[in-house]
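Here is how the chains run, residue by residue.
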Amino acid sequence: MHQTHMIIDGEQLSISSHNAKTIYNPADQEAVAVVSSGTRQHARLALEAAKRAFAVWSETSSEKRAEILHSAAELVRERSETMARLLTQEQGKPLKNARAEILSSADILDYYAEEGRRNIGEWLATHRGRSIVIRQPVGVAALITPWNYPVDLLSWKVGPCLAAGCTFVAKPPSRAPVAATEFLRAVHEAGLPAGAVNVVHGPGEEVGAELVENPISRKIAFTGQTETGRWIMAHAADRIKRVSLELGGNSPFIVCADTDIEKAAAACAQRAFSNMGQICISVNRVYVAEEIAEEFGELLVRQAERLRIGNGLEENVDLGPMFSREQRSRTKEHVADALNKGAELLSGGREPEGEAFDKGYFFLPTVLGGADHSMRIMREETFGPVAPVMRFKTLDEAIRLANDSNYGLAAYIYTSDITTGIRAAERLEAGGVGVNINNVMDHQMPFGGWKESGIGRELGLYGLQSFLEIKHIRLGL
Ligand code: NAD
C-alpha cells in the first residue's frame, strides 16, 4: 500500500505503528494509503527547520528561485498520473478532474516562478532626500488546506510563498493528505534547501493549532470552513500575524429572462454539481426570472439526469462519490429541511440505486423548485450537489436576495444585456462575479471572499504580495 510520510528538515519521517493512519476510498472503502500522523512536537520541529532554511532561501536570488520552481513544476508533471490516481482514490473525484487539478498546480508553480522575478521596488526623490520601497519575504508561513481540492489549493499557497522567499510548514487535510504530500515531495526534491518545505500531518486542532500559535510562523495562509477561519484569526491576533483566509461560500446564480436559457442551465448545472458540489464557489442558490422559471427548471433537471455517476477511477464518469458520510448527511438534511418547508423535488434527492453504489457515499445531483430564504439550503453552505431554484420578479429583488447572505465569495449572472450584467456585477457583494461565465477563478487574477467568506486574496500578484512585507528605506542626502 502507498505510504505517506511527513517531511521535516529535509528528511522523510518513517511511519511507526503508533502513529499510522489508514486512508480509505470514499467510493468503495478500500484502503488507499497509510499516513504518518504527527503531534504538536512535530509541528514545532518543522517550524524550527523552516526558520533555519529561511535564512538561506530568503537570500537566494529571484532567478535561482524561479529556476527551482520551474523544476518543481516539471517534476509534478512527470509524476502527475500517479498523483492523480491517488487523488481520485482518497477524495473521490473523477480521474479526469484529478489530472486537471495536478496539472493546474504545476502551472501555478510556473506562474509564480516568473511573478517572483518581478518583485520590483519603488524610488522617489524628495527635496530632503531619497526614498526606496522594497518588499521582503514575511518569514516562515503555515499553509493549512482542506480536502476538496487538496493539491490545487496547496499550490495557490506554495507557489507565491516560495517565490516571495518564504519557507513553510504545510498541514494538508487529515483525511486526504496523500496526493498533497506527493506534490510537496516533488517541490522539496526540486532543489530547495533542507527545511524550506516541511509537511506535518495530523489533527487540525493539534498540529494546525500549533502552526497558528507558535511564534515562529509569521503568516497563516488558510483555506477551509468559516468557523475554523474565525478561530485562526482570533489566535493569530495574539501576535498580530498576517492571515489570508479563504472560507466558506453560498454563491448565488441569477438568470435573467433575456438570456440564452439552455446555455445558462448547462453552466448552472456544471457549477452546482461538479466535484459533487464540494467547491467553495459552487452554485448554491439559483434565482430565475419568473417568466422563464419553469422552462429553466426542466432544463436543469435534464442536465442533472444526463450526468454519469460512479467510481472516479472508471473513465467517462462525470461525478464520483461525496467525500465523506458527514458531507452526504448534511446534504440530505438540507434537502429534507427544504422539502419540509415547501420546496418541490424536481430531480435526485437520494442515493443512486445498485450494487456499485452500496459501499460509497454516492448521492444523485438534485434540483429543487420553489425554494425560499426560510430554508437552510439558501442560508448555509451545503457543500453538496444541490441546485435550489427560487423565482424573482425584478432584478432589484434578485440582487437583494443574492446579497442577503453572510457569505460573499462568488456570484454569477446570466443576461444578454451587457449593461445589466456590469451594473449587477457592481452591486453584488462578492469577491468574484461571473457575468455569463460560471467560474471566477483565473490564475493571474485575485481570488477571495467578502464578508464571512474570507480576508485577503490569493492568486495573481495579490497572492504574491500576501507573502511580502513592505519596507521604506529613507536616504538623507
Ligand atoms: P476545515 O476548516 O475543517 O479544515 C481545513 C484545514 O484546517 C484542515 O487541514 C484541518 O485539519 C485544519 N484545521 C482544523 N482545525 C484547525 C485549527 N483549530 N487550527 C488550524 N488548523 C485547523 O475545512 P474542510 O471541511 O476541510 O473544507 C471545507 C471548507 O473549505 C468549506 O467550508 C469550503 O467552502 C471551504 N473552502 C474554501 C475555499 C475558498 O477558496 N474560499 C476553497 C475550498 C474550500
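Residues numbered from 1 in each chain as written. Predicted model: local features only at pLDDT ≥ 70, side-chain atom pairs only at ≥ 80, totals over all residues. Heavy atoms only, no water.

1. Re the packing of aromatic side chains
- Scanning the entire structure with this criterion turns up seven aromatic pairs.
- Between Tyr111 and Tyr112, the aromatic rings sit 4.9 Å apart at their centres with planes inclined by 75°, giving edge-to-face as the arrangement.
- The class for Tyr111 is buried, based on a relative accessible area of 15%.
- For the ring pair Trp147 and Phe383, a centre distance of 5.6 Å and an interplane angle of 80° mean the geometry is edge-to-face. Of this pair, Trp147 sits in the loop between strand S8 (140-144) and helix H5 (152-164) while Phe383 is found in the loop between strand S16 (366-369) and strand S17 (386-392), placing the two residues 236 residues apart along the sequence. (Phe/Tyr/Trp six-rings, centres within 6.5 Å; stacked < 30°, edge-to-face > 60°. Buried < 20%, exposed > 50% of the residue type's maximum accessible area, 1.4 Å probe, protein only. Helix = DSSP H or I, 4+ residues; strand = E, 2+ residues; numbered from the N terminus.)

2. Points about the side chain of Ser131
- Along the chain, Ser131 turns up in strand S7 (residues 129-137).
- We classify Ser131 as buried; its relative accessible area is 12%.
- Of note is the side chain of Ser131, whose polar atom sits 2.7 Å from the side chain of His472.
- With residues up to four places along the chain from it excluded, the contact list for Ser131 reads Glu122, Trp123, Leu124, His472, Ile473 and Arg474. (Polar contact = N/O pair within 3.5 Å; in protein donor to acceptor, adjacent residues only side chain to side chain. Contact = heavy atoms within 4.5 Å.)

3. Quick word on the layout of surface pockets
- By volume, the largest pocket is sized at about 1,100 Å³.
- Sorting the residues of the lining of the largest pocket by element identifies helix H7 (204-213), strand S11 (217-223), helix H8 (226-236) and helix H11 (325-340) as the ones contributing at least two each.
- A breakdown of the residues in the lining of the largest pocket according to their chemical character gives 19 nonpolar, 17 polar and eleven charged.
- Domain assignment of the residues forming the lining of the largest pocket places at least three in each of domain 1 (2-247 + 453-476) and domain 2 (251-442).
- Put simply, the second largest pocket is a space of about 710 Å³.
- What lines the second largest pocket is a set of 30 residues, and nearest its centre among them are Tyr149, Gln270, Arg271, Ser274 and Ile279.
- Contributions of two or more residues to the lining of the second largest pocket are made by helix H4 (95-115), H5 and helix H9 (261-273).
- It is H4 that provides the largest number of residues to the lining of the second largest pocket, a total of five residues.
- When grouped by side-chain class, the residues that make up the lining of the second largest pocket number 14 nonpolar, nine polar and seven charged. (1 Å grid on protein atoms, 1.4 Å probe; cavity = no way out; pocket = protein on both sides within 12 Å on 5 of 7 lines; lining within 4 Å. Points joined across faces, edges and corners; volume = space filled by probe spheres on them. Nonpolar A, V, L, I, M, F, W, Y, C, P; charged D, E, K, R; others polar. Domains from an automatic or database assignment.)

4. Some details on empty space enclosed by the protein
- Counted under the stated rule, the structure contains three cavities of 30 Å³ or more.
- Lining the largest cavity are 15 residues, with Pro252, Tyr407, Gly408, Ala410 and Glu429 sitting closest to its centre.
- For the lining of the largest cavity, the secondary-structure elements that each account for two or more residues are strand S13 (251-255), helix H12 (395-403), strand S18 (407-408) and strand S19 (410-414).
- Tallied by class, residues from the lining of the largest cavity come to eight nonpolar, five polar and two charged.

5. Quick notes on the site of the ligand
- Lining the immediate surroundings of the ligand are 29 residues, of which Thr145, Thr228, Leu247, Cys280 and Glu381 lie closest.
- Interatomic distance of 2.9 Å between a backbone N/O atom of Gln225 and an oxygen atom of the ligand.
- At 2.6 Å from an oxygen atom of the ligand is found a side-chain nitrogen or oxygen belonging to Thr228.
- Expressed as a share of its isolated accessible area of 850 Å², the protein-covered part of the ligand is 91%.
- Most atoms of the ligand, that is more than half of them, are within 2 Å of grid points of the largest pocket.
- Residue assignment for the shell around the ligand shows that the elements contributing at least two residues are H7, S11 and H8. (Near = heavy atom within 4 Å. Areas by Shrake-Rupley, 256 points an atom, 1.4 Å probe, with all protein chains shown as cover. Sits in = over half its atoms within 2 Å of the grid points.)

6. Looking at unusual backbone geometry
- Despite not being glycine, Asp9 shows a phi value in the positive range, around 55°.
- Mapped onto the elements, Asp9 comes out in the loop between strand S2 (6-8) and strand S3 (11-13).
- Residue class for Asp9 comes out partly exposed when judged on its relative accessible area of 32%.
- Even without a glycine there, the phi angle at Gln29 is positive, about 65°.
- Among the secondary structure elements, Gln29 is positioned in the loop between strand S4 (20-24) and strand S5 (31-36).
- Overall, the relative accessible area of 31% leaves Gln29 in the partly exposed class.

7. Here's the deal with the domain arrangement of the protein
- Assigned domains of the protein: these are domain 1 (2-247 + 453-476) and domain 2 (251-442).
- Relative placement of domain 1 and domain 2: their C-alpha centres are 31 Å apart.
- On the side of domain 2, 29 residues touch domain 1, which itself brings 28 residues to the contact.
- With both chains or domains summed, domain 1 and domain 2 bury close to 2,400 Å², and 54% of this area falls on carbon and sulfur atoms.
- The largest contributions to the domain 1 side of the interface with domain 2 come from Ala27, Trp147 and Ser453, which together make up 23% of the buried area.
- Remark: the boundary between domain 1 and domain 2 carries three salt bridges.
- Across the pair Glu315 and Arg99 runs a salt bridge, and its minimum N-O distance is 3.6 Å.
- Summed over the shared surface of domain 1 and domain 2, the number is eleven residue pairs in polar contact (both at pLDDT 80 or more).
- Among the secondary structure elements, those contributing two or more residues to the side of domain 1 that touches domain 2 are helix H3 (80-91) and H4.
- The residue inventory of the side of domain 1 that touches domain 2, partitioned by class, reads ten nonpolar, nine polar and nine charged. (Buried area = accessible area lost by both parts, 1.4 Å probe. Salt bridge = Lys/Arg side-chain N within 4 Å of Asp/Glu carboxyl O.)

8. Here we look at the pattern of salt bridges
- Under the defined criterion, the tally for this structure stands at 35 salt bridges.
- The residue Arg328 makes a salt bridge to Glu351 at a minimum N-O spacing of 3.9 Å. Of this pair, Arg328 sits in helix H11 while Glu351 sits in the loop between strand S15 (344-347) and S16, and the two are 23 residues apart along the sequence.
- By relative accessible area, Arg328 is classed as buried at 12%.
- On the accessibility criterion, Glu351 (27% relative accessible area) is partly exposed.
- Where Glu353 meets Arg350, a salt bridge forms, and the shortest distance between an N and an O atom there is 3.9 Å.

9. Notes on H3
- With twelve residues, H3 ought to run about 16 Å at 1.5 Å a step, and its terminal C-alpha atoms sit 16 Å apart, in line with that.
- Within H3 the residues assigned to the buried category are Ser80, Met83, Ala84, Leu86, Leu87, Thr88, Glu90 and Gln91.
- Tucked into the core, H3 has its buried residues touching strand S1 (2-4), S4, S5, helix H2 (62-78), H4 and helix H6 (178-188).
- Looking one or two places after H3, you find Gly92, whose phi comes out positive at around 110°. (Expected span 1.5 Å × (residues − 1).)

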